[in-house]
Amino acid sequence: MSECADNYTRKASRKTAVLAGAVLLAPLGLLSATGNAAAADSGVWDRIAQCESGGNWHINTGNGYYGGLQFSAGTWRAYGGTAYASTADKASKAQQISVAAKVQKAQGWGAWPTCSARAGASGSAPDSGSSSTRSNSSKSNSGKQNSSKSSKSSSGKSNSSKSSKSSNSGSSKSSSSTAPERSTSQTSRGTSRGDYTVVQGDTLSTIAARNATTWQRIYAANKAVVGGDPDLIVPGQRLTL
């Protein structure tokens, strides 16, 4: 009986150890599955291309492999690459990555056995269009902002130019309208009296010479008509000689 009890105890201990081991190993299995399911980072294609072709996405050395990821003509054609170009080197980087993602899904990273290992590739292939889309969107927004700033700047310069022209035009009109008023005023002051009417080309000196007197006397007698400048007389003024 004692021997039976010992056998029962041993069996119970073994069962407990097995269950405990299973509990400990379960999280490790989950971690392993999670690691395999994770997608590779978005830079993995650049690293593979650097290894395969030196990062030249349009390379064709004549060895039968084309583009940054070194597609053979058959593989390129089989996975729809001819929708973009006849061979990979003639397609864009994004188009090559799009075809590469299809190849990776079908064949795994073993399609690039050496370079995928060097690039640390694991899990599923990254989205080929994500980084390109973000880059194009950023450039587009930047372009719109620059365009808006340029438009505002041009508008400001245009308004400033218009304001300057308007101011200059106003000053010119004001000056031109003021000058004739002085002449008219000076002419009207002398129209009611005097012995000589000024004509075009006259000066006080020529008038004095024709009338046997001096310009100083004529100016002194007609200062109220001529004004402060004896060299400025206007046709139509009437002077006392």
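Just so it is clear, the structure is predicted and the values come from calculations on it, not from any experiment.

Caption draft 1: Highlighting the nonpolar core. In terms of nonpolar packing, the biggest core is built from 22 residues, with V44, W45, I48, L69, F71, W109 and W112 touching the most fellow members. Counting only elements with at least two residues in this core, the list comes to α2 (44–53) and α4 (93–107). When sequence neighbours within four positions are dropped, the list of residues in contact with V44 reads W109, A119, A121 and P126. Grouped together as the second largest cluster of nonpolar side chains are 11 residues, I218, Y219, I233 and L239 included.

Caption draft 2: Structural view of the side chain of Q237. One can find Q237 in the loop between α9 (223–226) and β4 (238–239). Polar side-chain contacts of Q237 include one of 3.3 Å to the backbone oxygen of V225. A polar atom in the side chain of Q237 sits 3.0 Å from the backbone nitrogen of V234.

Caption draft 3: Structural detail: the packing of aromatic side chains. What the rule picks out here adds up to four aromatic pairs. With a centroid separation of 5.3 Å and an interplanar angle of 75°, the aromatic rings of W45 and W112 are classed as edge-to-face. Residue W45 is found in helix α2, and its partner W112 is found in the loop between α4 and α5 (113–118); the two are separated by 67 residues along the sequence. Like W112, W45 is buried. Three or more aromatic residues joined by ring pairs form one cluster here, namely W45, W109 and W112.

Caption draft 4: A look at the state of the cysteines. Per the stated rule, a full pass over the model turns up one disulfide. C51 shares a disulfide with C115; S-S distance 2.0 Å. Given an S-S torsion of about -70°, the disulfide between C51 and C115 has left-handed geometry. Placement of C51 in helix α2 and of C115 in helix α5 is noted, with a sequence separation of 64 residues between them. On the basis of relative accessible area, C51 is assigned to the partly exposed category, the value being 27%. The exposure class of C115 is buried, given its relative accessible area of 6%.

Caption draft 5: Geometry of the pattern of salt bridges. Applying the stated criterion across every chain, the model contains two salt bridges. Residue D46 is joined to K93 by a salt bridge in which the shortest nitrogen-to-oxygen separation is 2.8 Å. You can see D46 sitting in helix α2 and its partner K93 sitting in helix α4, a full 47 residues away along the chain. Residue classification places D46 among the partly exposed positions, given a relative accessible area of 35%. Accessibility expressed as a relative area gives 35% for K93, which makes it partly exposed. Residue D202 pairs with R210 through a salt bridge whose shortest N-O separation is 3.0 Å. Among the residues examined, D202 registers a relative accessible area of 12% and is labelled buried.

What counts and how
- Residues numbered from 1 in each chain as written.
- Predicted model: local features only at pLDDT ≥ 70, side-chain atom pairs only at ≥ 80, totals over all residues.
- Heavy atoms only, no water.
- Core = buried A, V, L, I, M, F, W, Y, C linked by side-chain atoms within 4.5 Å.
- Buried < 20%, exposed > 50% of the residue type's maximum accessible area, 1.4 Å probe, protein only.
- Helix = DSSP H or I, 4+ residues; strand = E, 2+ residues; numbered from the N terminus.
- Contact = heavy atoms within 4.5 Å.
- Polar contact = N/O pair within 3.5 Å; in protein donor to acceptor, adjacent residues only side chain to side chain.
- Phe/Tyr/Trp six-rings, centres within 6.5 Å; stacked < 30°, edge-to-face > 60°.
- Disulfide = S-S within 2.5 Å.
- Salt bridge = Lys/Arg side-chain N within 4 Å of Asp/Glu carboxyl O.

Coordinates in, geometry out; function isn't part of it.
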